[in-house]
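# Coordinate analysis (summary)
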Amino acid sequence: MPCDNRSMSPDRTPTTFAPLQNDSFLRACLRQATDHTPVWLMRQAGRYLPEYCATRARAGSFMGLATNVDYATEVTLQPLARYPLDAAILFSDILTVPDAMGLGLSFAQGEGPRFATPVRDEAAVAKLAVPDMDKLRYVTDAVTSIRKALNGRVPLIGFSGSPWTLACYMVEGKGSDDYRLVKSMLYSRPDLMHRMLHVNADAVATYLNAQIDAGAQAVMIFDSWGGVLADGAFQAFSLAYTARVLTKLKRTGVDGQIVPRIVFTKGGGLWLKDMNTLECEVLGLDWTMNLGTARSLVGGEVGGPGKALQGNIDPNVLFAPPAAIRAEVIRVLESFGKPHTDTATAGPTQIFNLGHGISQYTPPEHVADLVAAVHEHSRQQRA
C-alpha cells in the first residue's frame, strides 16, 4: 500500500495516513490469496467490553459517545488493544442518516433507538431529503481521527444501514417485532415507500462517499431487516435500492486504492443468487447459510469472477467453553472449503465474522479464543 494516503482533516487540509501494515482483510475482500483467513466481528466495539462501558459512562449517553470524535476513536480502538483483529470498523450507528434528516434519534438506557418524529404519512415522506453532510461531520471527522490513530495497523471499515433497514426504523419509530407499520405502508402505499427508499438510497450513497473521502478503506451496507420481507418484496424494496447505493459509490479511496463494498442481509441466504448481481465485492452471511453452498453459488472459481464471502459463525457460540468455540470455528472454516492460495490470480475467499452482532453478554476472553482459533486453523489449512 502506498505511503501517500491523503484525506481531509477537520480544517479541510490534507491528512497523510501511515502505510498499511496488515492488508489481509482488503486482499480477501478482493478475492486475493492471504496467509490466513482475516477476522473481524460485527459490533466488535461494544457493551461486552468493560472498557467500552467505562467510556460510555464518561460520555453520559450513547449519542454523547457516538457524536464525540475522541470517544468514538477511543472505543473503535479498544477491541484492537485486546485482540489481533484484521480490521477496525467505525464506531457509530446505522441511524445517523435519518437523524440528520430531522427525525430526532435518541437512545434510552437499556432500550433500543427511538425517533421522535416517525415517517408515517404522505406529508412526512414529502419532507424527506438527502441531509446536509455537515450535520454528519462528527462521523467523517471520527473516520479521519480513527484512521490516524490506527497508524496503519489494520484497515478501517465505514458503514451505513441499507435504505430498507433505515425505512423500517423511520416508519416504526423504533425496533419492531412484526414490522406492522412499515409493511402496511409498503403494501397499501407502495408509491410512498418507493419515494422514501429513493431518498434513503441517495442519502446512504452520499454518506458512504463522505466516509470514503475521510479515509474509510472499505464500506459496508447493513441490510439488517431485509430478511423480514417476502420474496418479491425483497427484490423490489430492498435489493433494488441497495443496488442503487452501490452504483453511486466511489471506487477508490484517498490513497488511490480500491474501496471494497460489503453487503450484509440478515436472513438473506434465500436470495443469494439475486444478490450475486450486486456491484459489490463481498456478501455477508448469517449463520443459517452453509458457506460451502454459498461458495458454490456466488464464490466463483480461481481465475474467474465471484464474490468474497464474509461470516458466519453463530454469535451465541461465544457463550460456550473455549474447546467448543474452537471446534465451531474449525467447522465454519472447513465448511468454506480449501482456501484460495494462488497469489497470481483471484479466487474464492472468506472473511471470518459472526453471523450477526456480538452480544453484550459475551465473555471478552471467549473472543480471544475465537480470534486465536481462526488465525491458527486457517494457517494450518494453507500449510
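Refer to the structure presented above.
Attention in this report is confined to the structure presented alongside it.

## Looking at the packing of helix α2 (residues 50-59) against helix α4 (residues 69-82)
- Between α2 and α4, the least distance of the axes is 9 Å, while the angle of their chain directions is 170°. With respect to each other, α2 and α4 are oriented roughly antiparallel. When α2 is examined against α4, the residues P50, E51, Y52, T55, R58 and A59 are found in contact with a partner set consisting of Y71, E74, V75, Q78 and R82.
- Looking at the contact of α2 with α4 residue by residue, the class counts come to five nonpolar, two polar and four charged.

## As for the pairing of strand β8 (residues 261-265)
- Burial analysis of β8 places five of its five residues in the buried class, which makes it a mostly covered element.
- The two faces of β8 match: R261, V263 and T265 on one face and I262 and F264 on the other face are all buried.
- In the sheet, strand β7 (residues 218-223) pairs with β8 via five bridges, with the strands oriented parallel. Across the sheet, the residue bridging to D223 is T265, located in β8.
- You can see the chain leave β7, run along helix α11 (residues 233-248) and come back into β8, and the turn it takes is right-handed.

## Let's talk about the packing of helix α10 (residues 190-214) against α11
- At their nearest, the axes of α10 and α11 sit 9 Å apart, and the two run at 30° to each other. When the axis of α10 is compared with that of α11, the two are roughly parallel. Between α10 and α11 lies a crossing of right-handed hand. Where α10 abuts α11, its residues P190, M193, H194, L197, H198, A201, D202, V204, A205, L208 and N209 lie against A236, F237, Y241, R244, V245 and K248.
- Of the residues belonging to the contact of α10 with α11, the class tally is 11 nonpolar, three polar and three charged.

## Some words on helix α15 (residues 364-382)
- Compared with the 27 Å implied by 1.5 Å per residue over 19 residues, the 28 Å span of α15 between its first and last C-alpha is a close match.
- By the burial criterion, the buried members of α15 are P364, H366, V367, L370, V371, A373, V374, H375, H377, S378 and Q381.
- In the core, the buried residues of α15 are packed alongside α2, α4, β10 (308-313), α14 (322-336) and β11 (350-354).

## Considerations on the environment of G311
- Tracing the sequence through the fold places G311 in strand β10.
- Of the residues examined, G311 reaches a relative accessible area of 0% and is grouped as buried.
- Each C-alpha atom, one on G311 and one on F264, is 9.4 Å from the other, the two residues being 47 residues apart in sequence.
- Dropping the residues within four chain positions of it, G311 is found in contact with L285, L291, V332, Q350, I351, F352, N353 and L354.

## Looking at the sheet that holds β8
- Spatial ordering of the open sheet is given by β3-β6-β7-β8-β9-β10-β11, a layout of seven strands whose pairing is parallel. Taken across any chain shown, the strands that pair with only one partner, and hence form the sheet edges, are β3 (88-89) and β11.
- Note: β10 against β11, five bridges, orientation parallel. Bridge pairing in β11 places L309 opposite Q350.

Conventions used here
Residues numbered from 1 in each chain as written. Predicted model: local features only at pLDDT ≥ 70, side-chain atom pairs only at ≥ 80, totals over all residues. Heavy atoms only, no water. Axes fitted to C-alpha atoms, helices over the stretch in contact; angles between N-to-C directions. Helix = DSSP H or I, 4+ residues; strand = E, 2+ residues; numbered from the N terminus. Parallel < 35°, antiparallel > 145°, perpendicular 65-115°, else oblique. Contact = heavy atoms within 4.5 Å. Nonpolar A, V, L, I, M, F, W, Y, C, P; charged D, E, K, R; others polar. Buried < 20%, exposed > 50% of the residue type's maximum accessible area, 1.4 Å probe, protein only. Pairing = 2+ DSSP bridges. Right-handed = clockwise from strand over helix to strand, strands pointing away. Left-handed = near helix turned anticlockwise from the far one by under 90°. Expected span 1.5 Å × (residues − 1).

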